[in-house]
Amino acid sequence: MTTVVDASALVAIMRQESGAAQLEARLQSEPARFTTGIALWEASRAIARIINQAQLKAFDEVQRFCEALDILVLPIGAAEAAEAVRAQQLYGKGIHPARLNMGDCFAYACARTNGARLLYKGDDFAQTDMA
């Protein structure tokens, strides 16, 4: 099966946060692994903030991490954008308890439009139909 990796999972695995081993095991078991450019941006921003590093340097680390695990970056087109808008209307901040942000909406959209699972950390996506 195909898996789309959310920024939350990228950061959790890279930083060896709680639950990282389980996330990495799930990721390794998937034959096709993808993420989004937005998730790369979000993950690099989070890592830069956590370790007090320039975001561009963190971005390079995130890209190397994805390359090492054969995580490819999905293109985002009109279908994914439309699905992200739908996700925002259904599960966005201020609308639904899942409180999906923009990056979450695009991770959700890429998983939905590609018939993929979504790998994430936290409980936001668990409150959507992607659980």
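- If you check an unreviewed UniProt entry, the protein chain appears there as Ribonuclease VapC from Sphingomonas jinjuensis.

Brief notes about the packing of helix α1 (residues 7–14) against helix α2 (residues 20–28)
Each pair of packed helices gets described by two things: the angle between the helix axes and the distance between those axes.
(1) Moving on: Running from amino to carboxyl end, α1 crosses α2 at an angle of 115 degrees, the nearest separation of the two axes being 8 Å. Judged by the twist between their axes, the crossing of α1 over α2 is left-handed. Residue-level inspection shows Ala-9, Ala-12 and Ile-13 of α1 in contact with α2, the latter providing Ala-20, Leu-23, Glu-24 and Leu-27.
(2) Moving on: The class makeup of the residues in the contact of α1 with α2 is six nonpolar, no polar and one charged.

Quick look at the sheet that holds strand β1 (residues 2–5)
One key point about sheets: their strands pair by backbone hydrogen bonds, in either a parallel or an antiparallel sense.
(1) Moving on: Spatially, four strands are ordered β3-β2-β1-β4 in an open sheet, and the strand pairing comes out parallel. The sheet is open, and its two edges are formed by β3 (71–74) and β4 (117–119), each paired on a single side. Mean inter-strand twist for the sheet, computed between neighbouring axes without regard to direction, equals 40 degrees.
(2) Moving on: The pairing of strand β2 (residues 32–36) with β3 spans four bridges and is parallel. By the bridge assignment for β3, Thr-36 is matched with Leu-74.

Some points on the UniProt feature "domain: PIN" (unreviewed entry) in the protein chain
(1) Moving on: Mapped onto this structure's residue numbering, the UniProt feature "domain: PIN" (unreviewed entry) falls at residues 4–129.
(2) Moving on: For residues 4–129, the helix share is 57%, the strand share is 11%, and the end-to-end C-alpha distance is 15 Å.

Section: the side chain of Glu-80
(1) Moving on: Examined against the element boundaries, Glu-80 turns out to sit in helix α5 (residues 78–91).
(2) Moving on: Although Glu-80 is buried, it makes no salt bridge; Arg-112 carries the closest opposite charge, 12 Å away.
(3) Moving on: There is a polar contact of 2.8 Å between the side chain of Glu-80 and the backbone nitrogen of Gly-77.

Describing the packing of α1 against helix α3 (residues 37–51)
(1) Moving on: At their nearest, the axes of α1 and α3 sit 8 Å apart, and the two run at 40 degrees to each other. Considered as vectors, α1 and α3 are oriented oblique to each other. Remark: the crossing between α1 and α3 carries right-handed chirality. Seen from α1, the contacting residues are Ala-7, Leu-10, Val-11 and Met-14; seen from α3, they are Ala-39, Glu-42, Ala-43, Ala-46, Ile-47 and Ile-50.
(2) Moving on: For the contact of α1 with α3, a count of residues per class yields nine nonpolar, no polar and one charged.

About the cut-offs
Positions within a chain are numbered from 1, following the residues in the order the chain's sequence is written. Selection of residues for local features in this predicted model requires a pLDDT of at least 70, selection of side-chain atom pairs for listing and counting requires 80 or more, and totals for whole chains, interfaces and linings are taken over all residues. Excluded from the side-chain calculation are hydrogens and water; included are all heavy atoms of the structure. Each axis is a line fitted through C-alpha atoms, taken for helices only over the stretch in contact, and angles between the N-to-C directions span 0 to 180 degrees. Numbered from the N terminus, helices here are DSSP runs of H or I no shorter than four residues, and strands are runs of E no shorter than two. With the far helix as reference, a near helix turned anticlockwise by less than a right angle produces a left-handed crossing, and one turned clockwise produces a right-handed crossing. Should any heavy atoms of two residues lie within 4.5 Å, those residues are considered in contact. Note on residue categories: nonpolar means Ala, Val, Leu, Ile, Met, Phe, Trp, Tyr, Cys or Pro, charged means Asp, Glu, Lys or Arg, and polar means any other residue, Gly included. Two strands pair under a simple rule: DSSP has to find at least two bridges between them. UniProt positions are given in the numbering used here, feature names are shortened, and annotations may be inferred rather than shown by experiment. Note on classification: 1.4 Å probe, protein chains only; a residue is buried when its accessible area is under 20% of the maximum for its type, exposed when over 50%, partly exposed between these limits. When charges are tallied, Lys and Arg are placed among the positive residues and Asp and Glu among the negative ones, while His and the ends of the chain are skipped. A carboxyl oxygen of Asp or Glu within 4 Å of a side-chain nitrogen of Lys or Arg is what we treat as a salt bridge. For the purposes of these results, a polar contact is taken to be a pair of N or O atoms within 3.5 Å, where, inside protein, one atom must be able to donate a hydrogen and its partner to accept one; residues adjacent in sequence count only when each atom of the pair is a side-chain atom. Each angle receives one of four descriptions, namely roughly parallel if under 35 degrees, roughly antiparallel if over 145, roughly perpendicular if within 65 to 115, and oblique otherwise.

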